[in-house]
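In case you want the letters, here they are:
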Amino acid sequence: MSEPLDDERILKELGYTQQLHRRMGAFGNFSASLSVISIMSGTLLLFGYGLNSGGPAVVMWGWLAVGPLVLCLAAALAEITSRYPTSGGLYYMARRLGGERWSWYTGWLNLLGLLGGIAAQDYGIATFTAAWANLQFGYAPTPGSLLVVYAVILALHAVLNLLGTRLMNILTSLSAWWHLAGAVVIIGALTLVPSHHQPAGFVFSEFTNNTGWSSPVYVILLGMLLPCFALAGYDTSAHLSEETSGASVAAARGIIRSVAVSWIAGGILLAALLFAVQDYAGTLGSETGVPVAQIFLDSLGVAAAKALLLVIIVAQFLCGYTAAASRMIYAFARDGALPGSARWQKVSRRTAVPANAVRLAVGVAFVLALPSLYSAEAFSAVTAISVVGFTPAYAIPVLLRLRHRERFTPGPWHLGRWSRPIGWVAVLWAAAVTALFLLPQSSPVTAGSFNYTPVALLVALAMAALWWRFGRRSYGVPRFSTANAHDQIEEAENIV
């Protein structure tokens, strides 16, 4: 592989000047995406949803089937990231490959996914914290009290994010090690301690349908929300490009490696949980409100259950950083794409952090969780919002890269002759997933069970269309330099 070109020069050739501090290395960039994907977060937060929407068989086979498809999308996106390593990430790529309108809507979809991801992760932390409090103090959570806990967690994440990139680098690295070590401890405990384990037939063939729908095929498809949500968020590596050294290679590798590691580790963790189930009906109807907590309680005892829940809560908290969303807001505002862009693009002189963008991210995330006060399906709906925002935003640059081959020169990390077949698999997969999670998740469809993902998507697209009409004159992604020395990397031989 050729030596990495100077990061600031590459950024300047892409049209921007360096404002954020490059204090993150390759491992820190990888750790950031690994933490946002978080097998302790997405995998465990939707574990109960998976048990009700297909049961153990769908949880395991769905995870095994979806992983390679997500890897295809991640690899296709990593290839484009290597060429365009900016904080704008997906919308910048879409601008270069398809034009301003494509870029505009890609950015709004990506922003919806990032904000939905913050809401889903932090609300999930609140539910696990409530489950620990139930075991420790007999606390019975209500929708209102959960929302208060959620607000506190959001505020803590905002404060940590405002303290600067150096702390973020430390916490994301700590998060990666904590996730891996925590997974080893949990898997080891569930494998060695329980006197009884379920047979393989239960783990790989037990089907459960508590959705209210009669079609097994539809229920199986609904169960795909677990792996689709759990293996999302890897674009964090792209959004942190302007804070990463050697970003043209490090960010691309951060994307693909974070997905691969999460898929393998997450599959082992899910299998360990399912083999350790002692009472399936009791797990689904747990008084803690968290099936994972009930598995710990039944198979390991109260003390161990409390300890392992704390391990999970810490892991989830470390992964709940608002960095990717705030950097996306900052970059989008820097190019004039948001109402009040001048406010959201401001960077703190002391910490080099877009502070107003951080505050906006947590504020919108709080609003997204408000339906939890009256809807039992609110959490799965928020996760679906995240998937429906992320997935098409990931796929649009890939589609444009396939349609306009002449506009794209590969960066130092590329797929070579596999680029097109992997890209088409990724695009078709993304289209299917996006359509799937706009559909109702439970039956009968009532005000309490309504999947409001289509509403959130329509609101975001309507805002984007409205602002395109009245504010697009302020939108301007910088022109790519024609005298770009970075073009030299098209001869690189680093085919992955």
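Residues numbered from 1 in each chain as written. Predicted model: local features only at pLDDT ≥ 70, side-chain atom pairs only at ≥ 80, totals over all residues. Heavy atoms only, no water.

Q: What's the story with unusual backbone geometry in this structure? I'm lost.
A: Excluding glycine, residues mostly carry a negative phi; peptide bonds, for their part, are mostly trans. A cis amide bond, omega 0°, links S443 with the succeeding residue P444. Examined against the element boundaries, P444 turns out to sit in the loop between α21 (419-436) and α22 (453-471). In this structure, S38 is a non-glycine residue whose phi angle is positive, near 50°. Its place among the elements puts S38 in helix α2 (residues 26-45). (Helix = DSSP H or I, 4+ residues; strand = E, 2+ residues; numbered from the N terminus.)

Q: Is there a simple way to think about the layout of surface pockets in this case?
A: Remark: the empty space left among the atoms is shown by a probe the size of a water molecule rolled over them. Reported here for the second largest pocket is a volume of approximately 460 Å³. Forming the walls of the second largest pocket are 18 residues, and the residues nearest its centre are W108, L115, V364, A460 and M463. Residue contributions to the lining of the second largest pocket peak at five residues, all from α22. When its residues are assigned to classes, the lining of the second largest pocket shows 18 nonpolar, no polar and no charged. (1 Å grid on protein atoms, 1.4 Å probe; cavity = no way out; pocket = protein on both sides within 12 Å on 5 of 7 lines; lining within 4 Å. Points joined across faces, edges and corners; volume = space filled by probe spheres on them. Nonpolar A, V, L, I, M, F, W, Y, C, P; charged D, E, K, R; others polar.)

Q: Would you take a moment to explain the pattern of salt bridges for this structure?
A: Any two side chains of opposite charge can pair, given that their charged atoms come close. With the rule as written, the count across this model stands at five salt bridges. With a closest N to O distance of 3.0 Å, E242 and R334 form a salt bridge. Of the two residues, E242 is situated in the loop between α12 (236-239) and α13 (247-275) and R334 in helix α17 (residues 323-334); the sequence distance between them amounts to 92 residues. The class for E242 is buried, based on a relative accessible area of 0%. (Salt bridge = Lys/Arg side-chain N within 4 Å of Asp/Glu carboxyl O. Buried < 20%, exposed > 50% of the residue type's maximum accessible area, 1.4 Å probe, protein only.)

Q: How do you make sense of the packing of aromatic side chains when you look at a structure like this?
A: When we look at a pair of aromatic rings, we describe it by the centre distance and by the angle of the planes. Scanning the entire structure with this criterion turns up 15 aromatic pairs. Between F202 and Y280, the ring centres sit 5.5 Å apart and the planes meet at 90°, which makes this aromatic pair edge-to-face. In this pair, F202 sits in helix α9 (residues 200-205) while Y280 sits in helix α14 (residues 280-284), placing the two residues 78 residues apart along the sequence. Residue Y280 is classed as buried on the basis of its relative accessible area, which comes to 15%. Both rings, one in W213 and one in Y218, keep their centres 5.4 Å apart while their planes meet at 85°; by these two values the pair is edge-to-face. What makes Y218 buried here is its relative accessible area of 16%. (Phe/Tyr/Trp six-rings, centres within 6.5 Å; stacked < 30°, edge-to-face > 60°.)

Q: Help me understand a nonpolar patch on the surface in this model?
A: Taken together, the side chains of V445, F450, V455, V459 and M463 present a nonpolar region at the surface, about 420 Å² in accessible area. Examined against the element boundaries, V455 turns out to sit in helix α22. (Patch = residues over 30% accessible without salt bridge, like charges linked within 9 Å, V, L, I, M, F, W, Y side chains within 5 Å. Areas by Shrake-Rupley, 256 points an atom, 1.4 Å probe, with all protein chains shown as cover.)

Q: Please explain the confidence of the model for the protein as it appears in this structure.
A: Parts of the prediction with low pLDDT should not have their coordinates interpreted in detail. Here the protein averages 85 in pLDDT, while 93% of its residues score no lower than 70. Low pLDDT, under 50, characterises residues 482-496; the predicted model gives this stretch 36 contacts beyond four residues in sequence or across chains. (pLDDT = per-residue confidence, 0-100. Contact = heavy atoms within 4.5 Å.)

Q: Would you mind going over the packing of helix α4 (residues 55-83) against α13 with me for this structure?
A: Angle between the axes and distance between the axes: these two values describe a pair of packed helices. Packing of α4 against α13 leaves a shortest axis separation of 8 Å and a crossing angle of 175°. One finds that α4 runs roughly antiparallel with respect to α13. (Axes fitted to C-alpha atoms, helices over the stretch in contact; angles between N-to-C directions. Parallel < 35°, antiparallel > 145°, perpendicular 65-115°, else oblique.)

Q: Mind showing me how you'd approach the side chain of N110 here?
A: Note on placement: N110 falls in helix α6 (residues 100-137). Polar contacts involving the side chain of N110 include one to the side chain of H239, which spans 3.1 Å. (Polar contact = N/O pair within 3.5 Å; in protein donor to acceptor, adjacent residues only side chain to side chain.)

Q: Even after reading the chapter, I still don't get the state of the cysteines, so can you show me in this structure?
A: Chemically, a disulfide is nothing more than a covalent bond linking the sulfur atoms of two cysteines. In total, this model carries zero disulfides according to the counting rule given. Take C72: it sits in no disulfide, and the sulfur closest to it among the cysteines is that of C228, at 13 Å. For C72, a relative accessible area of 19% gives the class buried. By relative accessible area, which is 8% here, C228 ends up buried. (Disulfide = S-S within 2.5 Å.)

Q: Can you help me understand empty space enclosed by the protein in this one?
A: The tally for this structure, following the rule as stated, stands at six cavities of 30 Å³ or more. If you add up the space inside the largest cavity, you get close to 160 Å³. Around the largest cavity sit 17 residues that line it, and V36, G117, I118, Q121 and F390 are the ones nearest its centre. Elements that contribute at least two residues to the lining of the largest cavity include exactly α2, α6, α17 and α20 (378-403). With four residues, α6 is the single largest residue contributor to the lining of the largest cavity. One number sums up the size of the second largest cavity: a volume of about 110 Å³. If you trace the second largest cavity, you find it lined by V70, L73, C228, L231, A232, Y234, V387, F390, T391, Y394, W429 and V433.

Q: For this particular structure, what's the right way to read the environment of S386?
A: Summarising the element assignment, S386 is placed in helix α20. Note: C-alpha distance between S386 and A120 (266 residues apart in sequence) is 7.8 Å. Beyond its immediate sequence surroundings of up to four residues, S386 is in contact with G113, G116, G117 and F229.

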